[in-house]
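# A structural walkthrough
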Amino acid sequence: AFGTNNGLVIIDTPFNPIQQGIRKPSLTAVRNRGRLILWDSEDVLHIYPSDPEFELYLSSMDLANSDRTWYAYTLKNDDSSWVVTKSSTLNFSDLKPGRYDFKAICTYPDQHWSNDTMSMKIIVHPRLTQRPLFWIIIALIFLGLAGALITNTFIRKARTQKEL
């Protein structure tokens, strides 16, 4: 049914996410670098060192009972446990560089956890100084400078001995 009540639009649909089997949460938005990005079907989130803090916004399909919805999530890089929260906004900061598997489930008014898991990949990129190539280049520069200093020392000694 569709109608208005003093200017307020009322939409009454027979859709019931529990009966329809839609029980997993969905990622609706991501906040990173001060911007709120509405999330589409991408399954990889890239986090760069310039702004390592980000927020994930989850939603369940049962919006009428969202105040009774609980979420559980895990951010796996190694052996992470599930975190249970009432909040649909998840804050993360200062994650170590690497690949993470984010997974989330939710409850509905019947208080049963969803069987379907929402999942996505998160890649936290390393800072320049956390990359092996950076340290290899620093070592090569150091070795080059040391080699130039040693060579210069030998050349000076050779000149000194020729003058004598």
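Okay, so let's go over this structure. (Residues numbered from 1 in each chain as written. Predicted model: local features only at pLDDT ≥ 70, side-chain atom pairs only at ≥ 80, totals over all residues. Heavy atoms only, no water.)

## Quick notes on the environment of Val124
What counts here: Every helix listed is a DSSP run of H or I at least four residues long, and every strand listed is a run of E at least two residues long, numbered separately from the N terminus. Relative accessibility decides the category of a residue: with a 1.4 Å probe and only protein chains considered, values under 20% of the type maximum give buried, values over 50% give exposed, and everything between is partly exposed. We call two residues contacting when some pair of their heavy atoms lies within 4.5 Å.
Its location among the elements puts Val124 in strand β11 (residues 118–124). Look at Val124 and you get buried, because its relative accessible area is 8%. Distance in space between the C-alpha atoms of Val124 and Tyr100 is 7.9 Å, their sequence separation being 24 residues. Apart from residues no more than four positions distant in its own chain, Val124 is found in contact with Ile47, Leu95, Lys96, Pro97, Gly98 and Tyr100.

## Re the environment of Ile105
Note that Ile105 resides in strand β10 (residues 98–106). Residue classification places Ile105 among the buried positions, given a relative accessible area of 14%. Along the backbone, Ile105 and Trp82 are 23 residues apart, and their C-alpha atoms lie at a distance of 9.8 Å. Those residues within four positions of Ile105 in sequence are excluded, and the remaining contacts are Pro25, Trp70, Tyr71, Ala72, Trp82, Trp113, Ser114, Asp116 and Thr117.

## A word on the pattern of salt bridges
Just so we agree on the cut-off: When a carboxyl oxygen of Asp or Glu is within 4 Å of a side-chain nitrogen of Lys or Arg, the pair counts as a salt bridge.
This model, assessed by the stated rule, comprises two salt bridges. A salt bridge links Glu55 to Arg31, with the shortest nitrogen-to-oxygen separation between them at 3.6 Å. A residue pair is termed long-range when its members are at least 10 positions apart, and Glu55 in strand β6 (residues 54–59) and Arg31 in strand β3 (residues 26–32) qualify at 24 residues. Here Asp101 and Lys121 are joined by a salt bridge, their closest N and O atoms 2.7 Å apart. Highlighted residues: Asp101 in strand β10 and Lys121 in strand β11, separated in sequence by 20 residues. Given the relative accessible area of 29%, Asp101 is considered partly exposed. Here Lys121 falls in the partly exposed class, since its relative accessible area comes to 42%.

## What about the sheet that holds strand β9 (residues 89–92)?
Formally: Only when DSSP finds a minimum of two bridges between them are two strands counted as paired. Inter-axis angles, ranging from 0 to 180 degrees, are taken between N-to-C directions of lines fitted to C-alpha atoms, where helices are fitted over the stretch in contact.
Overall, antiparallel pairing links the four strands, which are arranged β4-β3-β6-β9 in an open sheet. Looking along the sheet, the strands with just one partner apiece sit at the ends: β4 (35–38) and β9. Adjacent strand axes in the sheet meet at a mean angle of 20°, parallel and antiparallel pairs treated alike. Two elements, β3 and β6, share six bridges in a ladder whose sense is antiparallel. The residue of β6 that forms the bridge with Asn32 is Phe54.

## Here's the deal with unusual backbone geometry
Backbone geometry places Asp94, a non-glycine residue, at a positive phi of 50°. Locating Asp94 in the fold gives a position in the loop between β9 and β10. On the accessibility criterion, Asp94 (57% relative accessible area) is exposed.

## With respect to the sheet that holds strand β7 (residues 71–76)
Here we have five strands laid out as an open sheet, ordered β5-β11-β10-β7-β8, and mixed in their pairing. For this open sheet the edge positions go to β5 (44–47) and β8 (83–85), each flanked by a neighbour on one side alone. Neighbouring strand axes in the sheet, compared pairwise and without regard to direction, differ in orientation by 25° on average. Bridge count for β7 against β10 is six bridges, and the pairing is antiparallel.

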